[in-house]
Amino acid sequence: MREPVKVFISSPGEVGEERTILKHAIARIAREFQDVVPVESFMWEQNALVATADFQSQIDSYLQPREAYIAVFILWSRLGTPLPRSVTRDDGSRYDSGTEYEFEDAMKGFDETGTPKILVYRKTIAPVVELRDPDALEERIQQQRKLDAFFQKHFHDPDDDSMTGAFYQFEDGSEFEELASN
């Protein structure tokens, strides 16, 4: 049997509906092509993670984004949760989140080997925020700024703001399902 096509799925927790839609779409594709090539999806929540180690090191032990054939990133209004101080770039700088780490790992893999194919989806509908908790509101604003900076850094030329990378935009689950089914 052929080596499986591994699909790595990365996102902050706020896009649970879209993660479920993608999981079902990949399962459908796996059934459709089961006689040709096995297709496997990787989502951190589908694996046993222990309390004695951080999330990212355990995720990496199952599958690093660079090792996948396809890496899918779904983003909305958060870049995600910060990583421990022990997880840094080669230059010693820290990642803003596990999602950013996984994206840069996938990009590094692509630069070195031509895989994974990287698909990025950005939800555009305005998020609902709680106004009664100023600290939570400030955190949401900071997350939105980090996400906007991530897109600026990875998808725009700093000199003329031209687009240097492609990504899909969608408003809701049904629109995402349409995109994910293609």
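Summarised in this report is the structure supplied together with it. (Residues numbered from 1 in each chain as written. Predicted model: local features only at pLDDT ≥ 70, side-chain atom pairs only at ≥ 80, totals over all residues. Heavy atoms only, no water.)

1. Details of the packing of aromatic side chains
Scanning all chains against the criterion turns up 15 aromatic pairs. Their ring planes at 90° and their centres at 5.5 Å tell us that Trp44 and Phe55 sit as a pair that is edge-to-face. Taken together, the residues span a long stretch of sequence, with Trp44 in the loop between strand S2 (39–42) and helix H2 (55–62) and Phe55 in helix H2 at a distance of 11 residues. Among the residues examined, Trp44 registers a relative accessible area of 35% and is labelled partly exposed. According to the relative accessible area criterion, Phe55 is exposed, its value standing at 53%. When the ring of Phe170 is compared with that of Phe176, the centres are 4.9 Å apart and the planes differ by 50°; the resulting orientation is tilted. The buried category is assigned to Phe170, whose relative accessible area is 0%. Accessibility expressed as a relative area gives 0% for Phe176, which makes it buried. Here a set of aromatic residues connected by ring pairs shows up, and it is made of Phe73, Phe103, Phe150, Phe151, Phe155 and Phe167. (Phe/Tyr/Trp six-rings, centres within 6.5 Å; stacked < 30°, edge-to-face > 60°. Helix = DSSP H or I, 4+ residues; strand = E, 2+ residues; numbered from the N terminus. Buried < 20%, exposed > 50% of the residue type's maximum accessible area, 1.4 Å probe, protein only.)

2. Focus on the side chain of Ser11
Here Ser11 lies in the loop between strand S1 (5–10) and helix H1 (16–32). Setting aside residues no more than four positions away along its own chain, Ser11 makes contact with Arg19, Ile74 and Thr99. (Contact = heavy atoms within 4.5 Å.)

Shape descriptors only; they carry no functional weight alone.
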